[in-house]
Every structure is written in structure tokens, then in C-alpha cells.
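Structural features, examined
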Amino acid sequence: MAEPDAARSSRRRRPEDRSGGGGRARGRHSGRPDDRFGATTEALGALALDGAGVSASVIDTSTGKALLAIDDTVVQPVASLGGVLLLIEVAAQLEDGRLHGDRLQRMARDTATGAGLWQFLQEPTMQVPDLATLVGATGDTWAMNALLSTVGIDAVRERAESLGIERTALIDRVRDRRGPDDAPDASVAPTGELAWVMRGLALGEVVDEAVSNRVLGWLSLASDLNLVAGSFGLDPLAHRALDHGLQVVAVTGSSTGSAPRPGSSGVRARR
């Protein structure tokens with residue numbers, strides 16, 4: 001991926017510091033930075049009037065300029081989108097040697113119906129990188145839970161804090177049922193911060209370039225292109241190659257017993 005020198009050399013700032021000079025717009029319903037998103041703003045506004053919780057953030061990867069911002073600072077449940085933080089920690093531990101080609105056993109504690117393929121495969125053990133691939137490609141719930149059991153939720157939280165990610169959090173494993181003693185959802189986030197995490201990955205600034213590239217590689221396999229990424233008409237099962245100057249890197253999530261939640265998607269232009 002060819003990135004502008006200025007973008008690559010710029011220092012990554014925390015979300016609350018990004019204002020002015022091309023920074024992210026603040027405030028509620030500030031969907032005016034770019035007239036090209038007029039139809040999007042109107043459609044999301046209609047959903048909000050019908051009672052849906054709506055939040056959106058679109059930024060230019062190279063410049064950081066906010067193109068669309070609608071309630072993008074509001075922290076809300078985002079189902080399994082916090083799995084991106086898990087993949088960042090897994091990638092970091094693979095790079096620093098704490099994890100290798102370890103094979104993880106499929107355990108009863110990790111089971112959860114929903115997205116993914118491991119629950120349908122005969123293989124009871126898989127290597128860590130393969131499990132991360134399943135998470136990136138299909139949002140695999142069993143693989144996500146197995147990885148979380150291995151690296152630990154505290155390590156994911158500490159990594160996020162070290163990166164200046166303050167309000168996006170993976171707070172629980174994926175569960176079929178959530179009782180009174182469980183977290184109400186697997187993760188929470190404001191869409192504005194999610195967008196900046198994706199931008200940081202694209203610029204190779206999340207931990208370092210090697211870690212960022214690992215995570216992007218896993219997410220570039222995403223097979224769910226029904227939400228934001230669906231606008232580009234790509235083959236959901238074969239879209240890693242450059243197509244019309246674009247490469248889609250996407251992640252989506254949904255919770256059991258609820259409607260699918262908005263996905264956080266990134267589109268990168270290559271030269």
C-alpha cells in the first residue's frame with residue numbers, strides 16, 4: 001500500500017485531540033463535512049426518527065479529514081466489533097514471540113452459536129494464526145473466545161490503553177445468553193474512535209507496521225460485505241486483490257437476539 005509521506009510521518013493523536021486542521025468534527029449530528037454524504041445523512045436520520053440508535057463516522061485515511069460524523073462520540077454496544085482489539089493483541093504477541101504457532105484446543109467454554117466455521121469443522125485444535133484468520137474472515141465466535149481465553153481480557157485492555165484507545169473496549173466473551181452477572185454486550189465503542197483505529201491500522205501506526213499489517217491481513221478476508229462495504233460491489237469471497245484501485249478491509253458484528261449492528265469498514269486506495 002502506498003501511503004503519502006506526510007500521512008505516514010504524522011504523529012497519531014488521541015481522539016479527543018483531533019480537532020481543526022483536518023481533524024475529526026465534534027458534536028452531535030455533524031453530518032455536513034462533505035456534501036457527497038447527503039443521501040447517507042438523510043437515510044440515517046430516517047432510521048433515527050424511527051427509533052433506531054444511529055452513529056456514523058467517515059474519515060479520509062490519508063489526511064484524517066472528517067467526511068461524515070453523526071453522534072460519533074457516543075459510546076454504545078457494538079457486539080463483536082471489539083474483536084479488532086483482540087486481533088491487535090494477538091498480532092502483537094505473535095510479533096514479540098509470546099505466541100508462536102501454538103495449537104489451541106476447542107473447549108466447551110468457548111462455544112457460542114452464531115458466526116463462524118470452526119463449530120462445523122472436524123478439527124478440534126487450530127494454530128493461533130489460523131484462528132485469527134477465522135475471526136477476520138467470518139467473525140468466528142468460537143475462535144474469538146479461544147483467543148480471548150489464551151491472551152486474556154486484561155492484556156487486550158492494557159494494549160488498548162497503551163495505544164490511546166480510551167472508550168473502545170472488549171469487555172466480555174461472546175455468549176449465547178447474558179445473565180444478570182454478565183456484561184450486557186461483548187464490546188462497546190464510539191464509531192469515531194473505531195474509525196481512527198482503522199485509520200491507524202491502514203497507516204501502520206497501531207503498535208507498529210508489522211502488527212498493523214497482520215491485523216489488516218486478517219480483516220481483508222472479511223466475507224460479510226453487506227453493510228458499508230457493500231457499496232463497492234466486490235465479491236465477498238474473493239476481494240483481497242486490488243479492484244478499481246480499492247481494497248476493502250472490513251469488520252462487522254451482531255448480537256444474539258438483536259438486529260445486526262453497524263459494521264466498521266475501511267477502504268484503502270493503492271497505487
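Fair warning: this is a prediction, and the values are worked out from it, not measured in the lab.

**Considerations on the nonpolar core**
- With 47 residues, the main nonpolar core has L86, I88, V90, L131, L147, L201 and L219 as its most contacted residues.
- Elements represented by at least two residues in this core include exactly α3 (83-96), α4 (128-138), α5 (141-151), α6 (153-162), α7 (191-202), α8 (209-219) and β8 (246-253).
- Per-element accounting of this core gives the leading share, 9 residues, to α3.
- If sequence neighbours within four positions are ignored, L201 has contacts with V84, I88, V206, S212, V215, L216 and L219.
- Counting 6 residues, the second-largest nonpolar core is a separate cluster that includes A222, L225, A229 and L234.

**Points about the pattern of salt bridges**
- Within this structure, the stated rule accounts for 11 salt bridges.
- R214 serves as the salt-bridge partner of E95, at 2.6 Å between the closest nitrogen and oxygen. On the criterion of sequence distance, the pair formed by E95 in helix α3 and R214 in helix α8 is long-range, its members being 119 residues apart.
- Ionic pairing is found between D172 and R178, a salt bridge with its closest N-O pair at 2.6 Å.
- Its relative accessible area of 10% is what places D172 among the buried residues.
- Taking the relative accessible area as the measure of exposure, R178 reaches 29% and is therefore partly exposed.
- Three or more residues joined by partner-sharing salt bridges are found here, namely E89, D96, R98 and R159.

Criteria and cut-off values
Residues numbered from 1 in each chain as written. Predicted model: local features only at pLDDT ≥ 70, side-chain atom pairs only at ≥ 80, totals over all residues. Heavy atoms only, no water. Core = buried A, V, L, I, M, F, W, Y, C linked by side-chain atoms within 4.5 Å. Buried < 20%, exposed > 50% of the residue type's maximum accessible area, 1.4 Å probe, protein only. Helix = DSSP H or I, 4+ residues; strand = E, 2+ residues; numbered from the N terminus. Contact = heavy atoms within 4.5 Å. Salt bridge = Lys/Arg side-chain N within 4 Å of Asp/Glu carboxyl O.

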